Amino acid sequence: MDLYVSESGVAMEIQLAEPWPTTVAEAVAVQRRLRHRVRAGDDAGSPVRTVAGVDVAYAADSDRLAAAVVVLDHTTLDVLETSTVVTTAEFPYEPGLFAFRELPTLVTALRGLRTVPDLIVCDGHGLAHPRRFGLACHLGILADVPTFGVAKNVHVGEFVPPASQRGATSPLTVGGEVVGAAVRTRSRVKPVFVSVGHRISLDTACAHTLTLSTHYRLPETTRHADHLSREVLAGRISPTVAG
DNA sequence: GCGACAG
DNA sequence: ATCTTGTCGC
């Protein structure tokens, strides 16, 4: 496969907002300003050959955090490339604003990639967010790459539990508006919550979620990234990018 | 005022 | 998110 690789070795030039918000008010303002750039809906004819999973692990007793990006072959689920980095948290965790805590580190790790993934699966929500601009939307806009979110818990919205069989889904709604879907990736196991990030439809995002969740509740992309970020944070694996 | 609140 | 032991099950 002919993956795009620039001469410098840096595949993506992602720019963080300047300056990066430091207060809740500033962060909310940024979300309100960028939310209008989100495009829900599938890109025209672009096959997905590579899928990236991203995740961040936190130290319990310090403000260190490690981000990991794992690129998989969408068909075989083989790991094609990884990028990791360890940094320090600057923004506190606030429900609805955690993108501001994780994105700086996540973007640093993404810049370390030699290839541009066709799709990025995020750990958290996209449109299923108070201002319809969760981490998956934010990252999709900054990287201009199709993204969607797979969260383990609901943040906003209501849903009726989907049928107990794997593959069953039900809408996640806020005041009648569909913002995502509860997806049963394993029979009789708590569903995950899928929502659009950028340049993808909810149906396609749900289909990818099931394709990527072969043996466990969470997609393999998320599992790989979660494991790698913990190993790097623990110092058992060296980060590939300088913090 | 009270409870909820992605990771 | 992270702190934590054993335990039930394939």
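Residues numbered from 1 in each chain as written. Chains lettered and ligands numbered in written order. Predicted model: local features only at pLDDT ≥ 70, side-chain atom pairs only at ≥ 80, totals over all residues. Heavy atoms only, no water.

The name that an unreviewed UniProt entry assigns to chain A is Endonuclease V, with the source organism given as Saccharomonospora azurea NA-128. The record in UniProt for chain A states the following under Subcellular location (unreviewed entry): "Cytoplasm". A UniProt comment under Catalytic activity (unreviewed entry) is attached to chain A, and it reads "Endonucleolytic cleavage at apurinic or apyrimidinic sites to products with a 5'-phosphate." (UniProt positions renumbered as here; feature names shortened; annotations may be inferred.)

S.K.: Could you clarify how one ought to interpret the layout of surface pockets in this entry?
M.R.: If a probe the size of a water molecule is rolled over the atoms, the empty space left behind becomes visible. Within this model, the largest pocket holds a volume of roughly 460 Å³. Lining of the largest pocket is provided by 24 residues; of these, Tyr93, Phe98, Asp123, Gly124 and His125 occupy positions nearest its centre. Those elements that place two or more of their residues in the lining of the largest pocket are strand E1 (50–58) and helix H2 (99–111). When residues of the lining of the largest pocket are assigned to their parent elements, the largest contribution, 3 residues, is made by E1. (1 Å grid on protein atoms, 1.4 Å probe; cavity = no way out; pocket = protein on both sides within 12 Å on 5 of 7 lines; lining within 4 Å. Points joined across faces, edges and corners; volume = space filled by probe spheres on them. Helix = DSSP H or I, 4+ residues; strand = E, 2+ residues; numbered from the N terminus.)

S.K.: Is there a simple way to think about the packing of aromatic side chains in this case?
M.R.: Aromatic ring pairs are reported here in terms of the distance separating the ring centres and the angle at which the planes meet. By the definition in use, this model includes 3 aromatic pairs. The interplanar angle of 45° and the centroid separation of 5.2 Å between the aromatic rings of tryptophan 20 and phenylalanine 100 together place this pair among those described as tilted. Pair noted here: tryptophan 20 is in the segment before helix H1 (24–34) and phenylalanine 100 is in helix H2, with a separation of 80 residues, a long-range link. The burial state of tryptophan 20 is the same as that of phenylalanine 100; both residues are buried. (Phe/Tyr/Trp six-rings, centres within 6.5 Å; stacked < 30°, edge-to-face > 60°. Buried < 20%, exposed > 50% of the residue type's maximum accessible area, 1.4 Å probe, protein only.)

S.K.: Is there a simple way to explain the pairing of strand E7 (residues 177–183) in this structure?
M.R.: Remember that side chains alternate between the two faces of the sheet whenever the strand is regular. In terms of burial, E7 is largely enclosed, as 5 of its 7 residues are buried. Of the pairings in the sheet, the one linking strand E6 (residues 169–174) to E7 comprises 6 bridges and is antiparallel in character. Paired with threonine 173 across the two strands is valine 178, which belongs to E7. Here E7 runs beside strand E8 (residues 192–198); their pairing, made up of 3 bridges, is antiparallel. The residue bridging alanine 182 from the neighbouring strand is phenylalanine 193, located in E8. (Pairing = 2+ DSSP bridges.)

S.K.: Quick question: what am I supposed to make of the protein's contact with DNA strand C here?
M.R.: In the vicinity of DNA strand C, the contacting residues are Ala57, Tyr58, Ala60, Lys152 and Arg230. The sugar-phosphate backbone supplies 100% of the atoms of DNA strand C found within 4 Å of the protein. Interatomic distance of 3.4 Å between a side-chain N/O atom of arginine 230 and a phosphate oxygen of DNA strand C. When its residues are assigned to classes, the surface near DNA strand C shows 3 nonpolar, no polar and 2 charged. (Near = heavy atom within 4 Å. Polar contact = N/O pair within 3.5 Å; in protein donor to acceptor, adjacent residues only side chain to side chain. Nonpolar A, V, L, I, M, F, W, Y, C, P; charged D, E, K, R; others polar.)

S.K.: Just to check I follow, could you spell out the protein's contact with DNA strand B for this structure?
M.R.: Near DNA strand B there are 16 residues, and of these Tyr93, Gly96, Phe98, Lys152 and Asn153 occur at the shortest range. Atoms of DNA strand B within 4 Å of the protein: sugar and phosphate make up 40%, bases the balance. One of the side-chain nitrogen or oxygen atoms of tyrosine 93 is found 2.6 Å away from a phosphate oxygen of DNA strand B. Here a phosphate oxygen of DNA strand B and a backbone polar atom of lysine 152 are 2.8 Å apart.

S.K.: Looking at this model, I keep getting lost on the UniProt feature "binding site: Mg(2+)" (unreviewed entry) in chain A. Mind explaining?
M.R.: UniProt records the feature "binding site: Mg(2+)" (unreviewed entry) at Asp55 and Asp123, using the numbering of this structure. The largest pairwise C-alpha distance within this set of annotated residues, which runs over 69 residues, is 6.1 Å, so the set is compact in three dimensions. Filtering the just-named annotated residues for those lining the largest pocket gives Asp55 and Asp123. Its place among the elements puts aspartate 55 in strand E1. Residue class for aspartate 55 comes out buried when judged on its relative accessible area of 5%. When sequence neighbours within four positions are dropped, the list of residues in contact with aspartate 55 reads Ala66, Ala67, Ala68, Leu106, Asp123, Ala225, Asp226 and Ser229. Mapping aspartate 123 onto the fold places it in strand E4 (residues 119–123). For aspartate 123, a relative accessible area of 15% gives the class buried. Of note is the side chain of aspartate 123, whose polar atom sits 3.0 Å from the side chain of lysine 152. (Contact = heavy atoms within 4.5 Å.)

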